[in-house]
Amino acid sequence: MKAFILKIIEQIKKLIVLIKAFLALPVVKRVLSYIILFCNKLKAPKNIVWYKKIPYWLAQFIVGVFLFLILVDINFLWLFGRSPKVMQLNNPKMSVASELYTSDNVLIGKYFYENRVPAEYKELSPMLLNTLICTEDVRFYKHHGIDLQSTVGIFLSMAHGERRGGSTITQQLVKNLFKTREHYSKGLFSYIPGLKVLIYKTKELINAVKIEFFYSKEEILTMYLNTVDFGSNSYGIKSASVTFFDKKPTDLTIEECATLIGLLKAPTYYSPVSSPKNALSRRNTVLDQLVKYKYLSKDKADSIKNIPIHLRYKVAGNYDGKALYFRDAVARELQDWCKANKKDIYRDGLKIYTTIDNRLQILAEEAMQEHMKRLQTRFFQHWEGQAPWRDENGQEIKGFIENLVKQTDTYKNLVKHFGHAKTDSINYYLNKPHNMIVFTYKGDRDTTLSTIDSVRYYRHLLHAGFLSMDPQNGFVKTWVGGIDFQYFKFDHVSQFKRQPGSLFKAFVYTAAMDNGFGPCDQITDQNITINYTEKGQPKSWSPHNADWAFSGRSMTLKHAFARSVNSIAVQVAQKIGWTKVIQYAKKMGIKSELQNVPSVCLGTSDVSLLEILDAYSPLVNGGYKVDPVLVTKITDRKGNVLFEYKPSKVKILNDETAFLMNIMLRAGLSEPGGTTQGLFEYDLFRYNTDFGGKTGTSSNYSDGWFIGVSPKLIGGAWVGSENRSIHFRTSELGEGLKTALPIYGLFMQKVLRDERLKEYRGTFPKPPKHVSKEYTCHTRLEPQENADSTMMMNDVEMEFDNPSQQPDIQK
């Protein structure tokens, strides 16, 4: 306490020195001399009776008040705290939610600190305005910011040490807009008991007059109703109408108007949600005000008082609405733009127009849920009674859950409370069951689990990501970053990276097609060992096929790509150089770091779903590189365009290479044993629409991938666990064909069946003129005698639409 008093004394000393220095200035001395001269003239003569001195006293009082108002307004010597500047009054800023729209003009969400969407005057019903005026400022249309009758009452109350209301609507608007009572507006005098209220009331009086000068009464009412806090995270009448009654302000009934206006006195105390009795009483008081000032008959008011408050209550949050993963991605995407343009999407009231198609987004989320629900059931059955976290040898990883628990906030808080030494106490609470709500595909489940059990449960869950885009311009059409945003906010489309497996072969074969190879060239499926040097150390690598067998037969590159034969892809990469494969991957859209090792050709470097789907676009659009586009336009709250997307395409592949790779992608459906043939299980092939695709599976089936292509829409899916050690154990269950392809299949089936979405149907264009390489070869497989149930083939015969074009080279 003593130190605090000494600090105050020190500040006062500094202030005295500052005042002396200020008063010593020549200009100040001259101004003060004029003021003193003027004040001397206001002094009453000494030789007159007292009642004749009253005009002089009154003049002195008026001058004193006027001088005090000037000193407060200019924040003389920082004694009173700053006041709004003229420019701020003429263009006041309020925190307004930004709105996010789809390409089909559907509002899918908002970004905000305060959930506020400004209403216009024409959106405010006369009854709402009359209710406000009767309750808050009955003489609103008769004053110019200051109601002298109420003001006198306020200062009389202050003289008795009491605090009371009485501020006009305009004064309340000043308080709401400019936060005149916040700490940043306090001057040195504000810390003196008794002066604080006087100073901020004075500021509100001064600026209320200024506001009345700049704005009409209608504009003041509109601004006031846009700034006030109604509680329940609703700021402004438009948000409050939706939050409490799911209506527009123009549609509010008399009793609803009275309920909302009644909230303004104390949003928490009179909340119809938490305090319905208080809210009802307050509403009826507001109705009495309407009767008192003849806006409502007594009979009508008595009738309305018998009506209970009927709510359609829903609190808005930043994570309400649709396409939640996409909305989060847009916020991340706009961070640099906001920084460069000094904008804040959470307070500047922007309108953000995106590429997402709301119709497709709904179908994508449905497809994700339908498949993942079935797949999760299959996974539970596959590991029933066993722990799914396994090492490379298939052995259970000891201490796996315990190590994960140590990463939780619960464990860290327990250690902070008990210390590392008291393991018994920590383990007791970690194993103590408690109520919690957990995610299930049947809906949220209220259950009782311990912290360790909840971690164990969630580690049994598989996760997924799905993305689709227009390959012609890069416009993202759907974005599903996970199985449920409320529980799992980590985005598996852009934030998550995993080994893509055979998806990476598209870059191997693109590089090959662009450097002399053709789809009908043949290479032998055989064991191969590659010797290379990594970080100065000699190494060797001997890849195997998915079935761990080599046929020893020659096959076309088209067939090898369709069946995803590893040995062929590795030999192609060896012939053209894996460095060139990396160059093509980067050129086509892969941004992640790629290891410069032979195994890169089989997708051993981690990438995101977003970048690899984008990198497939040149294989569908004729060889053009297009970047993923999320936002097409941004406007401010007045409709001024702040940003507009400008199309940009770069030709990176020649027409022939792009066409040949398109043929390779389609071969998965036409070549025997093609991995894309799982699409035949879906209703896709009666809508005059072409398809192609590629599956991918990482080691031990940790990751399942699929990219499907059609002329108007390409889509990609990833499925797996957040831990690589948790996965299926067999290819029948864990390969991309079974885990990821069904999401795409279900999605496109829904899209094609919807007659509103015919724009996404279509066939691939005809081949370019003068294709120099044969591509019409087809493979006919004959089973080997006495072969087992696996797909082992004895002969590989080639058929050509034009036999004279059969290639005679081995590469």
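S.K.: Just checking my understanding: could you explain the overall build of the protein chain for this structure?
M.R.: If you tally the helices and strands in the protein chain, you get 29 helices and 22 strands. Burial statistics for the protein chain: of 811 residues in total, 50% are counted as buried. Here the analysis covers contacts within the protein chain between residues at least 6 apart in sequence; of these, 69% occur between residues at least 24 apart. Accessible area of the protein chain: about 40,700 Å², with a carbon and sulfur share of 54%.

S.K.: In this structure, what is going on with the environment of Tyr645? I would like to understand it.
M.R.: For Tyr645, the location among the structural elements is in the loop between strand S16 (641-644) and strand S17 (650-651). Separated by 11 residues in the primary sequence, Tyr645 and Ile634 have C-alpha atoms spaced 9.1 Å apart. In this view, Tyr645 contacts Asn473, Phe475, Val629, Val631 and Thr632; residues no more than four positions away in its chain are not counted. Polar side-chain contacts of Tyr645 include one of 3.5 Å to the backbone nitrogen of Ser648.

S.K.: Honestly, the packing of helix H12 (residues 276-292) against helix H13 (residues 298-305) in this entry has me stumped. Any pointers?
M.R.: The description of two packed helices rests on the angle between their axes and on the distance between the axes. Relative orientation of the contacting elements H12 and H13 amounts to 170 degrees, with a least axis distance of 9 Å. Judged on the interaxial angle alone, H13 and H12 are roughly antiparallel. The segment H12 lies against H13, with Arg283, Asn284, Leu287, Asp288 and Val291 engaging Lys298, Ala301, Ile304 and Lys305. Residue composition of the contact of H12 with H13, grouped by class: four nonpolar, one polar and four charged.

S.K.: Quick question: what am I supposed to make of the packing of aromatic side chains here?
M.R.: Centre-to-centre distance and the angle between the planes together describe a pair of aromatic rings. Following the criterion strictly, the structure yields 32 aromatic pairs and no others. Ring plane angle 45 degrees and centroid distance 5.1 Å describe the contact between Phe680 and Phe685, whose orientation is recorded as tilted. Under the relative-accessibility criterion, Phe685 is labelled partly exposed at 39%. Across the ring face of Tyr624, the terminal group of Lys651 is positioned such that the distance to the ring centre comes to 4.6 Å. The ring of Phe561 is capped by Lys694, whose NZ or CZ atom sits 5.6 Å from the centre of that ring.

S.K.: Quick question: what am I supposed to make of the sheet that holds strand S2 (residues 107-111) here?
M.R.: Strands belonging to one sheet form pairs held by backbone hydrogen bonds; the direction of such a pair is parallel or antiparallel. The strand order S2-S1-S3-S15-S16 describes an open sheet built from five strands, whose pairing is mixed. Every interior strand has two partners, whereas the edge strands, S2 and S16, have only one. When the angles between neighbouring strand axes are averaged without regard to direction, this sheet yields 15 degrees. Note that strand S3 (residues 351-354) and strand S15 (residues 631-635) share four bridges and pair antiparallel. For Tyr353, the partnering residue across the bridge sits in S15 and is Lys633.

S.K.: Help me out: how do you make sense of the pattern of salt bridges in this one?
M.R.: When the charged atoms of two side chains with opposite charge come close together, those side chains can pair. Applying the stated criterion across every chain, the model contains 30 salt bridges. Measuring nitrogen to oxygen at the nearest pair gives 2.6 Å for the salt bridge that ties Glu99 to Lys351. You can see Glu99 sitting in strand S1 (residues 98-101) and its partner Lys351 sitting in strand S3, a full 252 residues away along the chain. On the accessibility criterion, Glu99 (8% relative accessible area) is buried. Taking the relative accessible area as the measure of exposure, Lys351 reaches 26% and is therefore partly exposed.

S.K.: Help me understand unusual backbone geometry, please; the structure alone is not making it clear to me.
M.R.: Backbone geometry follows two general trends: most residues other than glycine have a negative phi, and most peptide bonds adopt the trans configuration. Backbone geometry at Ser232 places phi at a positive 55 degrees, although glycine is not the residue there. Turning to its location among the elements, Ser232 is positioned in the loop between helix H9 (217-227) and helix H10 (237-245). The residue Asp246 is not glycine, and still its phi comes out positive at about 55 degrees. Its place among the elements puts Asp246 in the loop between H10 and helix H11 (254-263).

S.K.: Just checking my understanding: could you explain the confidence of the model for the protein chain for this structure?
M.R.: As a general rule, the predicted coordinates of low-pLDDT regions are not to be interpreted in detail. Of the residues in the protein chain, 85% reach a pLDDT of 70 or more, and the chain-wide mean stands at 88. Of the regions scoring below 50 in pLDDT, residues 785-811 engages in 57 contacts with residues more than four places distant in sequence or in other chains.

S.K.: For this particular structure, what's the right way to read a nonpolar patch on the surface?
M.R.: On the surface, Leu58, Phe61, Ile62 and Val65 cluster together into a nonpolar patch covering about 390 Å² of accessible area. Turning to its location among the elements, Val65 is positioned in helix H3 (residues 54-73). Since its relative accessible area comes to 34%, Val65 is described here as partly exposed.

S.K.: Quick question: what am I supposed to make of the nonpolar core here?
M.R.: A general feature of soluble globular proteins is that nonpolar side chains tend to end up buried together. In this structure, Ile352, Met372, Trp479, Phe507, Tyr509 and Phe747 are the most contacted members of the largest nonpolar core, which totals 143 residues. If sequence neighbours within four positions are ignored, Met372 has contacts with Tyr441, Leu462, His463, Ala464, Ile483, Val719 and Ile743.

S.K.: Could you clarify how one ought to interpret the packing of H10 against H11 in this entry?
M.R.: Relative orientation of the contacting elements H10 and H11 amounts to 115 degrees, with a least axis distance of 11 Å. Crossing handedness for the pair H10 and H11: right-handed. Together, Ile237, Ala240, Ser241, Phe244 and Phe245 of H10 and Glu256, Thr259, Leu260 and Leu263 of H11 make up the contact between the two elements. In terms of residue class, the contact of H10 with H11 is built from six nonpolar, two polar and one charged.

S.K.: I would appreciate a short explanation of a positive patch on the surface in the present structure.
M.R.: Taken together, the side chains of Lys93, Lys343, Arg637 and Lys638 present a region of like positive charge at the surface. Mapping Lys343 onto the fold places it in the loop between helix H15 (335-341) and S3.

S.K.: Could you clarify how one ought to interpret the pairing of strand S4 (residues 434-438) in this entry?
M.R.: Along any regular strand, the residues point their side chains to alternate faces of the sheet. Bridge analysis of S4 against strand S5 (residues 445-449) gives five bridges, and the strand direction is antiparallel. Looking at the pairing, His434 lines up with Leu449 of S5. Connecting S4 to the next strand, S5, in antiparallel fashion are six residues, including Gly443 with a positive phi near 115 degrees.

S.K.: Looking at this structure, how should I read the sheet that holds strand S19 (residues 703-709)?
M.R.: Taking strand neighbours across the sheet as the criterion, the five strands line up as S7-S6-S20-S19-S18 in an open arrangement whose pairing is antiparallel. Unpaired on one side and paired on the other, strand S7 (476-480) and strand S18 (692-697) mark the two borders of the sheet. With strand direction ignored, the average angle separating the axes of adjacent strands in the sheet is 10 degrees. Sheet strands in contact with helix H25 (residues 609-616) are strand S6 (463-469), S7, S18, S19 and strand S20 (714-720), and its direction is about 35 degrees off that of S6. Those strands touched by helix H26 (residues 655-670) are S18 and S19, and its axis lies near 80 degrees from that of S18.

About the cut-offs
Residues numbered from 1 in each chain as written. Predicted model: local features only at pLDDT ≥ 70, side-chain atom pairs only at ≥ 80, totals over all residues. Heavy atoms only, no water. Helix = DSSP H or I, 4+ residues; strand = E, 2+ residues; numbered from the N terminus. Buried < 20%, exposed > 50% of the residue type's maximum accessible area, 1.4 Å probe, protein only. Contact = heavy atoms within 4.5 Å. Areas by Shrake-Rupley, 256 points an atom, 1.4 Å probe, with all protein chains shown as cover. Polar contact = N/O pair within 3.5 Å; in protein donor to acceptor, adjacent residues only side chain to side chain. Axes fitted to C-alpha atoms, helices over the stretch in contact; angles between N-to-C directions. Parallel < 35°, antiparallel > 145°, perpendicular 65-115°, else oblique. Nonpolar A, V, L, I, M, F, W, Y, C, P; charged D, E, K, R; others polar. Phe/Tyr/Trp six-rings, centres within 6.5 Å; stacked < 30°, edge-to-face > 60°. Lys NZ or Arg CZ within 6 Å of the ring centre and 35° of its normal. Pairing = 2+ DSSP bridges. Salt bridge = Lys/Arg side-chain N within 4 Å of Asp/Glu carboxyl O. pLDDT = per-residue confidence, 0-100. Patch = residues over 30% accessible without salt bridge, like charges linked within 9 Å, V, L, I, M, F, W, Y side chains within 5 Å. Core = buried A, V, L, I, M, F, W, Y, C linked by side-chain atoms within 4.5 Å. Left-handed = near helix turned anticlockwise from the far one by under 90°. Lys, Arg positive; Asp, Glu negative; His and termini not counted. Charge placed at Lys NZ, Arg CZ, Asp CG, Glu CD.

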